[in-house]
Amino acid sequence: MKYLILLIAILMSGCATNVESIKDDKDVLVQEDSGYLLLGIDSTMSLKSIVLEGPQNIRITHKDLTEGSNHILLALKAGDYQLTQIEFSNYYKTDVDDREYWTFSITPGEINYAGDIELRTKWFVRSLRFNMELINNSSIALDFLKTNFPTILSSKSIAYGGPGEDDYLHLWSEKSL
Amino acid sequence: MKQFFVACCIFIYSSIAQAGLIDSQKLLTAPEYAQFALSPDGDNVTYIQRAAKSYLIVNYNVKEEAAVAVKNVHHSNMLLDKYWINNDVLFFELEGKRFDHSFIAKKTQSGKFKEVRLDKYWTVIRGYKGDGKHILISEWKRNTQYQVSLVQIESLFSHQRPKKKVLFTSNYGDGYMFYESSVDQLIGYKSEEKEVTVSSRSLEGSKWVPLLTMNFEERDFFAPIGFLDNRTMVVLSNRDSDKISVYKYSLDDKKISGLIYGNNTYDVTDARIEEGRVVSVTYMKHGKPHHEYLSKEREAFKGRLSKELEGQVLTTLDIDQDRNSYLLHASSPTHAGTWYHFNSVDNKFTRLISAYEELESYKLASTQLIKATSKDGIKLEGWLTQPRVNNRNTLIVMPHGGPIGVQDSNEFRHEIQLLANRGFTVLRVNFRGSSGYGKEFQKLGVGALGGEIESDILTVIDKVNEQYSFKHTCAMGASYGGYSSVMLAINESQRFDCVVAAYGIYDIPYLFSSSNFHGKEEFQSKIEGAVGSKEEASSKPSPVYLASKLNVPIFLIAGRRDYVAHFEHSNRFKQVLDMHNKDVETLFFKKVGHGQSQWYRQRQETLAVIDFLERKLNLPKLVPDSDDEKEILTRELIETAEMYYAEDVLLEPNYKLAMHFNKQAAEQGSAEGLYNLGLINQYGKGVETDLEQAREYFQQSSELGYRDAKVALAKMYFHGIGVERETDKVHDILDSITEITEHQQESLLRLMLYCQAPKSDKHQARCLDYPKDFVKKFEQGTIGTLARLIVSAETPQGVKDNLIKFVSELYEINDVKFKLNTRKMGTYVWSRHPGYGWRDKLVPVEDAEVTMDNTKQCYLEAFVDLEGFDGGKRTAAIMRWEAFKDGKLEDDSYTLYRGKTSKAWQYAVSMKEGATDLLYKVSVFNLHGELVDSFECNNN
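Conventions used here
Residues numbered from 1 in each chain as written. Chains lettered and ligands numbered in written order. Predicted model: local features only at pLDDT ≥ 70, side-chain atom pairs only at ≥ 80, totals over all residues. Heavy atoms only, no water. Helix = DSSP H or I, 4+ residues; strand = E, 2+ residues; numbered from the N terminus. Rg over C-alpha atoms; globule rule 2.2 N^0.38 Å. Buried < 20%, exposed > 50% of the residue type's maximum accessible area, 1.4 Å probe, protein only. Axes fitted to C-alpha atoms, helices over the stretch in contact; angles between N-to-C directions. Parallel < 35°, antiparallel > 145°, perpendicular 65-115°, else oblique. Contact = heavy atoms within 4.5 Å. Nonpolar A, V, L, I, M, F, W, Y, C, P; charged D, E, K, R; others polar. pLDDT = per-residue confidence, 0-100. Domains from an automatic or database assignment. Buried area = accessible area lost by both parts, 1.4 Å probe. Salt bridge = Lys/Arg side-chain N within 4 Å of Asp/Glu carboxyl O. Polar contact = N/O pair within 3.5 Å; in protein donor to acceptor, adjacent residues only side chain to side chain. Phe/Tyr/Trp six-rings, centres within 6.5 Å; stacked < 30°, edge-to-face > 60°. Disulfide = S-S within 2.5 Å. Core = buried A, V, L, I, M, F, W, Y, C linked by side-chain atoms within 4.5 Å. Left-handed = near helix turned anticlockwise from the far one by under 90°. UniProt positions renumbered as here; feature names shortened; annotations may be inferred.

### Structural notes on the overall build of chain A
When helices and strands are tallied, chain A shows four helices and eleven strands. For 177 residues, the compact-globule estimate of 2.2 N^0.38 gives 16 Å, and chain A sits close to it at 17 Å. Along the first, second and third principal axes, the C-alpha set of chain A runs to 55 × 50 × 30 Å. Per-residue burial for chain A yields a buried fraction of 51% across its 177 residues.

### Thoughts on the packing of helix 11 (residues 599-616) of chain B against helix 12 (residues 627-645) of chain B
Residues and elements named next belong to chain B. Following both chains from N to C, one finds helix 11 and helix 12 inclined at 100°, their axes separated by 9 Å at the closest point. Taken together, the axes of helix 11 and helix 12 are roughly perpendicular relative to one another. Where helix 11 approaches helix 12, its residues Tyr600, Arg601, Arg603, Gln604, Glu605, Leu607 and Ala608 are matched on the opposing element by Glu636, Glu639, Thr640, Glu642, Met643 and Tyr644. Looking at side-chain class alone, the contact of helix 11 with helix 12 contains five nonpolar, two polar and six charged residues.

### What about the confidence of the model for chain A?
Per-chain confidence: chain A averages 87 in pLDDT, with 91% of residues scoring 70 or above. Considering only residues more than four positions removed or in separate chains, one finds that residues 9-13 of chain A, a stretch of pLDDT under 50, has one contact.

### Observations concerning unusual backbone geometry
Backbone geometry follows two general trends: most residues other than glycine have a negative phi, and most peptide bonds adopt the trans configuration. All names here are of chain B. Backbone torsion omega between glycine 402 and proline 403 reads 0°, so that peptide bond is classified as cis. The phi angle at glutamate 65 is positive, at roughly 50°, despite the residue not being glycine. Among the structural elements, glutamate 65 can be located in the loop between strand 3 (54-61) and strand 4 (66-74). Positive phi is not limited to glycine here, since asparagine 390 has a value of about 55°.

### With respect to the domain arrangement of chain B
Residues and elements named next belong to chain B. Examined at the domain level, chain B breaks down into domain 1 (367-616), domain 2 (742-810) and domain 3 (818-938). For domain 2 versus domain 3, the separation of C-alpha centres amounts to 25 Å. Both sides of the domain 2 and domain 3 interface together cover about 950 Å² of buried area, and 71% of this is carbon and sulfur. At the boundary of domain 2 with domain 3, the tally comes to two salt bridges. With a shortest N-O distance of 3.5 Å, arginine 898 and glutamate 779 are connected by a salt bridge. Here domain 2 and domain 3 share one residue pair in polar contact (both at pLDDT 80 or more) between them.

### Focus: the packing of aromatic side chains
Two measures describe an aromatic ring pair: the distance that separates the ring centres and the angle between the ring planes. Residue and element names in this part refer to chain B. Summed over the entire model, instances satisfying the criterion amount to 42 aromatic pairs over all chains. Each ring, one from tryptophan 881 and one from tyrosine 920, has its centre 5.8 Å from the other, and the planes form 40°; the classification is tilted. Separated by 39 residues along the polypeptide, tryptophan 881 in strand 39 (residues 874-885) and tyrosine 920 in strand 42 (residues 918-926) bring together distant segments of the chain. Looking at tryptophan 881, the relative accessible area reads 17%, which means it is buried. Both rings, one in tyrosine 897 and one in tryptophan 905, keep their centres 6.3 Å apart while their planes meet at 45°; by these two values the pair is tilted. The exposure class of tyrosine 897 is partly exposed, given its relative accessible area of 22%. In textbook terms, an aromatic cluster arises when at least three aromatic residues are bridged by ring pairs, as seen for Tyr261, Tyr266, Tyr283, Tyr437 and Phe441.

### Examining the environment of B:Ile370
All names here are of chain B. The residue isoleucine 370 is located in strand 28 (residues 367-373) in this model. Using a relative accessible area of 2% as the deciding quantity, one classes isoleucine 370 as buried. Residues isoleucine 370 and alanine 877, spaced 507 residues apart in sequence, show a C-alpha to C-alpha distance of 76 Å. For isoleucine 370, the contacting residues outside a window of four places in its chain are Leu380, Glu381, Gly382, Leu384, Leu427, Val460, Lys463, Val464 and Gln467.

### Considerations on the state of the cysteines
Residues and elements named next belong to chain B. Applying the stated criterion to the full structure yields three disulfides over all chains. The disulfide that involves cysteine 474 links it to cysteine 498, with 2.0 Å between the sulfurs. Classification of the bridge connecting cysteine 474 and cysteine 498 rests on its S-S torsion, roughly 110°, and on that basis the disulfide is right-handed. One end of the pair, cysteine 474, is in strand 32 (residues 472-478); the other, cysteine 498, is in strand 33 (residues 498-502), with 24 residues separating them in the sequence. Like cysteine 474, the residue cysteine 498 is buried in the burial classification.

### What to know about the nonpolar core
Grouped together as the largest cluster of nonpolar side chains are 91 residues, with contacts concentrated most on A:Ile111, B:Leu427, B:Val486, B:Leu550, B:Ile554, B:Leu556 and B:Phe573. The dominant element in this core, judged by the number of residues it contributes, is helix 8 (residues 480-491) of chain B, at seven residues.

### Re the packing of helix 16 (residues 707-719) of chain B against helix 17 (residues 727-735) of chain B
All names here are of chain B. Contact geometry of helix 16 with helix 17 gives a least axis separation of 8 Å together with a crossing angle of 165°. Here helix 17 runs roughly antiparallel to helix 16, going by the angle between their axes. Helix 17 is crossed by helix 16, and the crossing has left-handed handedness. Every residue of helix 17 that contacts helix 16 at Lys710, Leu713, Ala714, Tyr717 and Phe718 is listed here: Thr727, Lys729, Val730, Ile733 and Leu734.

### Some points on the UniProt feature "domain: Peptidase S9 prolyl oligopeptidase catalytic" (unreviewed entry) in chain B
According to UniProt, the positions carrying the feature "domain: Peptidase S9 prolyl oligopeptidase catalytic" (unreviewed entry) are residues 411-618 of chain B. Its end C-alpha atoms 31 Å apart, residues 411-618 of chain B is made of 40% helix and 15% strand.

### Concerning the side chain of B:Arg707
Residues and elements named next belong to chain B. Note that arginine 707 resides in helix 16. According to the relative accessible area criterion, arginine 707 is buried, its value standing at 10%. Sequence-distant contacts of arginine 707, that is, excluding residues within four places in its chain, are made with Ile737, Glu739, Ile740, Thr741, Glu742, His743 and Glu746.

Structure (structure tokens):
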């Protein structure tokens, strides 16, 4: 029995929790060690899920991953996260290589924009080919928040948390642009 | 004695050339003629001739002065390559959707060409001449294995398996081999990580011999261009010099072994090797390609022809195998290019044709070289293009992109000629960092953005202002040129009156964090090679952070799919300019990358820029000198309006501007402009729907004879849209149409009219004859119209009976009366479900999990039950949807479903998104027009 519990514990620790993006413009950050993650997805096909690993392992599901351009706002524990897996459908998935280029960080109490995952897919003789890149579209993300989450945006500062350094959102928050 | 024959038209052209307004459709368009090649015997020249939707590959026999078409190709299949294999056999390669297609065309005895398509796994190796009876191919076998073989040309046309002699297997891939006939060697090149390795082998030999290796990361330039002999290559390089020069390269010692040619001022761009000698070198002198001849015979030859083509740059494109016939190309800043054939035996010089024959009758704007020296002693070159007509006294300063390793030149440029033709003076400058002036000059530009580079530009402007004065000055550029234009206006606000910045970079630190891959070392080093070190990036001036200092109107142009200068640059700059309440207008294209790829869109973009300049500088509008000029300007207004009106061109259509341009066109008497205004009002694009206004515009356009407007107006009267139904008026309007070409909307309206309100026996007969004809041309529209006629109470019963008979016979309908056994009915939405790929299915709104869009569907899914046993019988149902607003019919549509009844029939109507006040009603009728069932759907 104790081995079964151990096995469950091990399996559970590797599992990602399904999450859904925040829909209501209400500040839901209650814990001090958490922050908001804003992630853009611009994909030529709908996706089944994407997995992020970090202080929390989470799975963003197909409900937020329809074809086209979308933004996903989540409240997560602060820390560094990596994109580790993309499931295109029930039958196709890929593990992400070069993870250092797919890493972003969440600072507590802030809105952290990670970038837009641009995914271009193509079917070729029953195989799925794809290209993906994490593009920093900070100003578009800011427009999204202004339109859809003005309350959260007015109560929290916003910063770029994706690969590389970019002060634009931070300067906007400080009203020093 | 001068024996050259020069086509008289050159002289005639120069004496009667027009100086007026040039049609932008003639100027900003693909060349009509291109891709010329000379046959080995020098008697034939092939080229392509473009038409609207296709192009012809043509062969012109110079001796017989006769042209024949080799192949007519759809314009989407771009010509990738074309060359002669022997005197009678032509090779060409076309771009396909999945595979590219190679063809061999053979001249028959009648002079026409017979073609054969080659195996899709074959690649013809360029340059192999051999005995003239074979082609050398590489054939993909598996993974990276390619088989090199000789294929007998004749056998390709024999309808049997081609005769092929396999020589060896190689791992040099598709298109990575060519044959160098001067040394009878097959050359292969391979790219591996940071290196390109070049090797050679003879066809009889047993192995590849490495020749040289080139390193991508090497900052110095090194490019092999040919062979002097088996052991010596010719390379262009600046490893041992500041300027790119022509060197011998010893394949034995693997190093540069001697200088062949070097220039003190300019980088060499090309060299021509003939019979083991470098006979000429090319460099950009004062912005024009300059061919310097190293052989006395070639110098003399050039001297003879240059007298005939004064001021033009003459380039030898090809020479025949006996060295008697030449294919030549002449061009200049005011002339896009003309091809000539020269036979040195009889000294016959024949003008073939120009790239833009339609421009031959115009005199284009000439360009003047401006030389200046910067404060720190750098010698600079600039080019000033001045208008011949319509001078607007406005200087457009146009910095080039890059900024490193790119140069401007004094060659024919479509956009500059259009700006000059519309009265603008254009100045371009090769500032520090530009290519063509050596390594040191280029290095000076690294990290000099927003400072020394712009200072160079101002130095040249000062020089221009010593000679000329202008009322207005604007800066305009693309890519780095966009940045530079903004910085010029920020730093020198008193000297600039406006800015046009396209596809630009405006946030220097952002260059290093535009994408996750920009964090990679190779990307960072590439960016640093242009703008300086990453550490210093934040200290470089960035327009985004200096927006408050920009005090002139700015037009920002960008492409959402630009991955060179990411769209984010433009969008965040616009965001900050808005925060500072600056005068900013945008042209953000939805599907465009780093610049336009279609001539039509490029023309629209340039016309929008001209409009911006006119508005912001308060320039008086150009006054046309003739009806032709008036027509040109009016058509351009319509074209510009289309860009703003179209749904999928800009990120957000700008209906206000679409209306503005159409109104301007209408004021110029444009019937199309009036018609477009009618549509805007009828469909409420950017304005409230105003049917009375729409009718008025259609009426005015009709009075000017515009056919589409007549049809739109007639439809309003026939269906009673915004007016009382008046069929007599419809007859009058349709009778006034004189065009006889096919027009679907008009045809279907005539069918309705002649069936419901005929005025003569002829009309009655047409009611029954038209469907037979129309159904072959546009089946869906015709059947929808017949369905409407069958249901309509306005259609006489006798006519209905005949139409029902026609439809029954057409679709072999056995049974008419049915009942519906409904499975699903009501307001649904498409929901996406994962599976092997993804499936979309319609579900009730409340059950939707993942919706692709919020468009609701008024949906019916039902079995059709015929009376009695219905196995195998075919029936038909008329499906109608209607949309009502406040109980008033807004829109409707009819269609006919037909077939067997073994499966459920599905009918879905997309309801207008966001129009929550519309009530949709779906009705199902049998083929007799009797109502079977109906239901309503809410759109809220």
